[in-house]
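Each chain, letter by letter, is given below.
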Protein chains: 4
Amino acid sequence: MKITQETRAHIQRLRTEVSALHAELIRWNLVVWTAGNVSARVPGADLLVVKPSGVDYHDLTPQNMVVTDFDGVVVEGDAAPSSDTFAAGYVYSQLEWVGGVVHTHSTYATAFAARREPIPCVLTMMADEFGGEIPVGPFAVIGDDSIGRGIVDTLRHHRSKAVLMANHGPFTIGRTARAAVKAAAMCEEVARTVAIARQGGTPHELDQVQIDALYHRYQNAYGQNTLAKGRSAP
Amino acid sequence: MKITQETRAHIQRLRTEVSALHAELIRWNLVVWTAGNVSARVPGADLLVVKPSGVDYHDLTPQNMVVTDFDGVVVEGDAAPSSDTFAAGYVYSQLEWVGGVVHTHSTYATAFAARREPIPCVLTMMADEFGGEIPVGPFAVIGDDSIGRGIVDTLRHHRSKAVLMANHGPFTIGRTARAAVKAAAMCEEVARTVAIARQGGTPHELDQVQIDALYHRYQNAYGQNTLAKGRSAP
Amino acid sequence: MKITQETRAHIQRLRTEVSALHAELIRWNLVVWTAGNVSARVPGADLLVVKPSGVDYHDLTPQNMVVTDFDGVVVEGDAAPSSDTFAAGYVYSQLEWVGGVVHTHSTYATAFAARREPIPCVLTMMADEFGGEIPVGPFAVIGDDSIGRGIVDTLRHHRSKAVLMANHGPFTIGRTARAAVKAAAMCEEVARTVAIARQGGTPHELDQVQIDALYHRYQNAYGQNTLAKGRSAP
Amino acid sequence: MKITQETRAHIQRLRTEVSALHAELIRWNLVVWTAGNVSARVPGADLLVVKPSGVDYHDLTPQNMVVTDFDGVVVEGDAAPSSDTFAAGYVYSQLEWVGGVVHTHSTYATAFAARREPIPCVLTMMADEFGGEIPVGPFAVIGDDSIGRGIVDTLRHHRSKAVLMANHGPFTIGRTARAAVKAAAMCEEVARTVAIARQGGTPHELDQVQIDALYHRYQNAYGQNTLAKGRSAP
């Protein structure tokens, strides 16, 4: 594969960005040991930048990030890429708008996944961010494209940018890697809040009109760069 | 609007104070990503200082705080203000003694809010700080003054400086922004303690005489500056 | 009161020690905002060194610690002492072997206190440290000696160095202030572990012979200075 | 005992490694106060390197680590070794492939231990890491070889590198001390996730074919050095 000067510049920027975003996984308590990773699509190329497999978060640098194609074949880097690279590559190949994919085993989201139960939309911040429930994806074994297909098939039918893969854990997508990390942090927080709310009784449900109003306002009016950050999926 | 020299000095001080207080939201685990904010009234002016919308807590500085009037119209600053500015402005316009407003989605308080259930007063520290239960406010959609009205209408009838807005999360008020942040931290802590107490059975209730004795002592005798810090509401 | 040269040296050392020990309350998540404190007896004098009331943990220094007599009357210091000083002073006046008293509202211990339920001894580390259950003390209002009496009356009859004051929270005692802080940390940890164990069913009880064997071994053989650290109560 | 030059070099390296690994126990919230320890086998000698007993994690240095034989007799060091040294020594004497032993009282794993209940394998990350359930070992009193025997007798029959000693807490083993620390971190995380999953209902079970597929892939294909890190037990 020929890598253009422009692609090389994107890769350099994304090595720094992807490496740094792993600190957010730690900061928001989404990962233990090395069990989570971030990847980013390289704009204009069928390439992605991803964490090396099994490497401690404290040892990540822009230099040891790995560049692969969408089949997980290493294009740049001495290390093996994250074992979730194949799944991420499938997502990038199918959903053109997606610029980042994140996988964690964050505790409360994974607890819902263990019961194969979607997270119901009973919080305004969940309506804001996810526009409804967070759905469950199929049980899939790592190593072929079944995880990637499960993510894509499930999220095509939902506003949610997070999916709980059965007995496994959450995968999140976003227009950028940073947006996918935000979705991972918010997915865990709503899972935790809903789980704790239920311990004391039954949460009050939001109706679809309320959810729609919250979602559209948030996607269009929140933050500093609404055009850049707004509705992120077709 | 003409800004006097004295008002300008207040704004400078409050930019530093409000910016720094967001670190307390992180320190006490009250927020995830950018989901919480602090504002302060500018003394002697119908103005407030507030966090910019959607900006990372690590990127907050005195300089990027936003100054608005009580309708949320920006008076100073390049960034859009927090989307909760309109609610805070309404509170300042209605309750003259209030100098600070805080909003979070802290987990345990929000879990009570999801069930639209007040937090019962079963702890001495809750009697000290809140003088009784922490009440639930109405369900309100962001964007008009319905959140602000919900906060004011609910807290007028309670000693509590915290209200759990239905399916949304806690808002707290105080004579100063720092006092409102303290109320936010204590609100989450009592929500958490009561929720955990209930998992194992039924907490022992405090009667009104006990609650009153604890509240009056704490409001009048705790800390270093009881005159300044004491009874903070009419 | 005449303060001897030797007493003055003890006070200097204890100002540093008591000030620093508050960092352990934060480190082990035992306190929120300013809701906890450490005090130490001044050897050979009816005096104690204690945290000033309502002061942020980050602002504590050896210099702003307060020295009082056992009735809470300030002997040295410009600040008001912790509102728990009177309770601590009573404990020092009644139990000569006690060199440190700690009070927190740590979440899980306080949850047991809200139900007025002792923590049962179902863990080896609990048998090691507390020699049996952690008992509940009476409901007492702050401000007279009823909290101090409640602590002393309850702990006289138990091996435990921790007592859960009803609807209030844990108080712990130790031969040194550091030992009392350790008891506070371990009290919260066993409360948390037992509460979580119960969520999934009924913990397996330890019998008295097992508890006694664990307690005596730990009190006599653990750590580096068993003579100094060992059996700490008559 | 004659210590060869080569053994001396191993001891120097392991003093640094074992000392540093205790920071991981803190980092992943596996320990409170001094209640956990790491040891490592000295290759080619019947010796181990272990934490001194009752010493604060912040005071650990390569220099104050203790070297003992497999009966816990001190060979190098001024301090008493961890009270779990005897148990660790027994494990090293019986299982030649084991290079590290870790003991904690991490909360959720200890909660399962208090109920004497194994952790069921309902998560892909648990199948990956442990290859099935995490078993319970017998109740054993510290001080003779009964804890060591309980660990060895239980783990001989399981893929799991973690055992929950009844009413006590988890012990983990690994080809290296670092691998044993990883097992301790993952043991707590799966205990926590399974406990939280159960609060909301019944997790979906994995069948043995699924578990086997996940385990074999992970042991053979994850990380950077699969030959060195792969199947770690006979």
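Attention here is on the structure that accompanies the text. Nothing here was measured: the structure is a model prediction, and the numbers come from that model.

Moving on, we come to the overall build of chain A. Scanning chain A for helices and strands turns up eight helices and eight strands. For a compact globule of 234 residues, the expected C-alpha radius of gyration is about 17 Å, and chain A comes in at 17 Å, within 12% of that figure. Seen through its principal axes, chain A has C-alpha atoms that stretch 55 × 35 × 30 Å. Counting every position in chain A, which comprises 234 residues, the buried fraction comes to 63%. Of the contacts made within chain A by residues no fewer than 6 positions apart, 65% connect residues no fewer than 24 positions apart. For chain A, the exposed surface amounts to about 8600 Å²; the carbon and sulfur share of it is 50%. Positive and negative charge centroids in chain A, built from 21 and 24 side chains respectively, lie 4 Å apart.

Between chain B and chain C, the contact holds 31 residues from the first and 29 residues from the second. Between chain B and chain C lies a buried interface of about 2800 Å² when both sides are counted; carbon and sulfur atoms form 60% of it. Counting every contact that joins chain B to chain C gives two salt bridges. Its salt-bridge partner being Asp 56 of chain C, residue Arg 27 of chain B comes within 3.4 Å of it at the nearest N-O pair.

This brings us to unusual backbone geometry. Here Trp 33 of chain B, not a glycine, exhibits a phi torsion of approximately 55 degrees, which is positive. Summarising the element assignment, Trp 33 of chain B is placed in the loop between helix H1 (5-27) and strand S1 (36-42). Looking at Trp 33 of chain B, the relative accessible area reads 6%, which means it is buried. Although it is not a glycine, Asn 29 of chain D adopts a positive phi angle of roughly 60 degrees.

Another aspect to go through is the pattern of salt bridges. A complete count under the given rule lists 47 salt bridges over all chains for this structure. The partner of Glu 24 of chain B in a salt bridge is Arg 27 of chain B, and the shortest N-O contact between them spans 2.9 Å. In this pair, Glu 24 of chain B and Arg 27 of chain B both sit in helix H1, three residues apart, roughly one turn of the helix. The class of Glu 24 of chain B is buried, set by a relative accessible area of 12%. Where Lys 182 of chain C meets Glu 129 of chain C, a salt bridge forms, and the shortest distance between an N and an O atom there is 3.3 Å. With Lys 182 of chain C in helix H6 (residues 177-199) and Glu 129 of chain C in helix H4 (residues 124-130), this pair connects stretches of sequence that are 53 residues apart. With respect to class, Lys 182 of chain C is no different from Glu 129 of chain C; both count as buried. One salt-bridge network, in which partners are shared between bridges, spans Glu 24, Arg 27 and Arg 178 of chain A together with Asp 56 of chain B.

Take the sheet that holds strand S4 (residues 74-76) of chain A next. Residue and element names in this part refer to chain A. Within the open sheet, the eight strands sit side by side as S4-S3-S2-S1-S5-S8-S7-S6. Their pairing is mixed. Of all the strands in the sheet, the pair left with one neighbour each is S4 and strand S6 (136-137). In this sheet, strand S3 (residues 66-69) lies alongside strand S2 (residues 47-50) in antiparallel orientation, the contact comprising four bridges. Bridging across to S3, Leu 48 finds its partner in Thr 68. Sitting on the sheet, helix H5 (residues 146-155) is in contact with S6, strand S7 (162-165) and strand S8 (169-174), with an inclination near 130 degrees to S7.

With that out of the way, let us pick up the packing of aromatic side chains. Across all of its chains, the model carries eight aromatic pairs over all chains by this definition. Pairing Trp 28 of chain C with Trp 33 of chain D gives two aromatic rings, centres 6.4 Å apart and planes at 45 degrees, and the pair type is tilted. Of the two residues, Trp 28 of chain C is situated in the loop between helix H1 (5-27) and strand S1 (36-42) and Trp 33 of chain D in the loop between helix H1 (5-27) and strand S1 (36-42); the pairing between them involves two chains. Comparing Trp 28 of chain C with Trp 33 of chain D, the two get one shared label, buried. The ring of Tyr 57 of chain C carries Lys 51 of chain C above its face, with NZ or CZ at 5.3 Å from the centroid.

A few words on the side chain of Thr 154 of chain C. Residues and elements named next belong to chain C. Relative to the helices and strands, Thr 154 is located in helix H5 (residues 146-155). When its relative accessible area of 11% is taken as the criterion, Thr 154 is described as buried. Residues in contact with Thr 154, not counting those within four places in the same chain, are Pro 135, Val 136, Gly 137, Pro 138 and Val 163.

Let's shift gears to the interface of chain A and chain B. On the side of chain B, 29 residues touch chain A, which itself brings 31 residues to the contact. Overall, the association of chain A and chain B removes approximately 2800 Å² of surface from exposure, summing both partners, and the carbon and sulfur fraction of that is 60%. There are two salt bridges connecting chain A and chain B. Our enumeration of links across chain A and chain B arrives at 13 residue pairs in polar contact (both at pLDDT 80 or more). Every element with two or more residues in the side of chain A that touches chain B is listed here: helix H1 (5-27), helix H4 (124-130), helix H6 (177-199) and helix H7 (208-221) of chain A. Sort the elements by how many residues they give to the side of chain A that touches chain B and H6 of chain A lands first, with eleven residues. Class assignment for the residues of the side of chain A that touches chain B results in 13 nonpolar, ten polar and eight charged.

The rules behind these values
- Residues numbered from 1 in each chain as written.
- Chains lettered and ligands numbered in written order.
- Predicted model: local features only at pLDDT ≥ 70, side-chain atom pairs only at ≥ 80, totals over all residues.
- Heavy atoms only, no water.
- Helix = DSSP H or I, 4+ residues; strand = E, 2+ residues; numbered from the N terminus.
- Rg over C-alpha atoms; globule rule 2.2 N^0.38 Å.
- Buried < 20%, exposed > 50% of the residue type's maximum accessible area, 1.4 Å probe, protein only.
- Contact = heavy atoms within 4.5 Å.
- Areas by Shrake-Rupley, 256 points an atom, 1.4 Å probe, with all protein chains shown as cover.
- Lys, Arg positive; Asp, Glu negative; His and termini not counted.
- Charge placed at Lys NZ, Arg CZ, Asp CG, Glu CD.
- Buried area = accessible area lost by both parts, 1.4 Å probe.
- Salt bridge = Lys/Arg side-chain N within 4 Å of Asp/Glu carboxyl O.
- Pairing = 2+ DSSP bridges.
- Axes fitted to C-alpha atoms, helices over the stretch in contact; angles between N-to-C directions.
- Phe/Tyr/Trp six-rings, centres within 6.5 Å; stacked < 30°, edge-to-face > 60°.
- Lys NZ or Arg CZ within 6 Å of the ring centre and 35° of its normal.
- Polar contact = N/O pair within 3.5 Å; in protein donor to acceptor, adjacent residues only side chain to side chain.
- Nonpolar A, V, L, I, M, F, W, Y, C, P; charged D, E, K, R; others polar.

Keep in mind these values describe shape, not function.
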